[in-house]
Amino acid sequence: MPKLAKDAVPEVKVDAGAAAIEASLSPEQRRGLFEAPGSTVYAIVAFTSKSYTGHADDEDKDPQVKVRVTECEVARTDEEAASLAEAKRAMWRSRRIDGTLDEVGNGPRGAAGVLDAAFAGHPSEDEYRQREAAKRTRDLHNAPR
């Protein structure tokens, strides 16, 4: 694992592998982005680091890490988009108050309440798994013999 000097802050570049984003966008959202330049969709994304450069003491390169979007879910309703926008603003406000707006790292906590309330009607992971298991069982019983 590369180690950086304490004061080194790597540049982050997003690589071209954005299939997770495309798969999350509905056809209507894709058309909207194309037909209305400057339009916005809100999403929750997970970045995974894929490669790095400039980490050795004898290298003359600035440190850089390439990341790929490996998970993505896009807000599908105005209510979901508003909730994600508010969570983003809550996180920004926390970083601003904490004086960490320019820091790199895990960042502040505090948007969970916004998301918990806004997405209360969405299924939990357990509910989703139970539904998928029931669906598989139903499919097995209904399969032609």
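Residues numbered from 1 in each chain as written. Predicted model: local features only at pLDDT ≥ 70, side-chain atom pairs only at ≥ 80, totals over all residues. Heavy atoms only, no water.

Asker: I keep staring at the confidence of the model for the protein and nothing clicks. Help me out?
Answerer: In regions of low pLDDT, the predicted coordinates are not meant to be interpreted in detail. Looking at the protein as a whole, its pLDDT mean stands at 81, while 79% of the residues score no less than 70. Across the protein, the element-wise mean pLDDT spans from 63 in helix α4 (residues 112–118) up to 94 in helix α2 (residues 27–35). (pLDDT = per-residue confidence, 0-100. Helix = DSSP H or I, 4+ residues; strand = E, 2+ residues; numbered from the N terminus.)

Asker: Would you mind showing me how to read the sheet that holds strand β1 (residues 11–14) here?
Answerer: Backbone hydrogen bonds are what pair the strands of a sheet, in a parallel or an antiparallel way. The three strands lie next to each other as β1-β3-β2, forming an open sheet whose pairing is mixed. The open sheet has two free edges, formed respectively by β1 and β2 (43–53), since each of these has just one partner strand. Neighbour-to-neighbour, the strand axes of the sheet open up by a mean angle of 35°, direction not taken into account. In this sheet, strand β3 (residues 64–74) lies alongside β1 in parallel orientation, the contact comprising four bridges. Considered in β3, the bridge of Val12 is made with Val65. (Pairing = 2+ DSSP bridges. Axes fitted to C-alpha atoms, helices over the stretch in contact; angles between N-to-C directions.)

Asker: How should I be thinking about the side chain of Gln29 in this particular structure?
Answerer: Within the secondary structure, Gln29 sits in helix α2. A distance of 2.9 Å separates a polar side-chain atom of Gln29 from the backbone nitrogen of Ser26. Filtering out sequence-adjacent residues up to four positions away, Gln29 remains in contact with Ser24, Val41, Val74, Ala75 and Arg76. (Polar contact = N/O pair within 3.5 Å; in protein donor to acceptor, adjacent residues only side chain to side chain. Contact = heavy atoms within 4.5 Å.)

Asker: Honestly, a nonpolar patch on the surface in this entry has me stumped. Any pointers?
Answerer: Together, Val14, Val45 and Phe47 make up an exposed nonpolar region whose accessible area comes to about 280 Å². You can see Val14 is positioned in strand β1. (Patch = residues over 30% accessible without salt bridge, like charges linked within 9 Å, V, L, I, M, F, W, Y side chains within 5 Å. Areas by Shrake-Rupley, 256 points an atom, 1.4 Å probe, with all protein chains shown as cover. Salt bridge = Lys/Arg side-chain N within 4 Å of Asp/Glu carboxyl O.)

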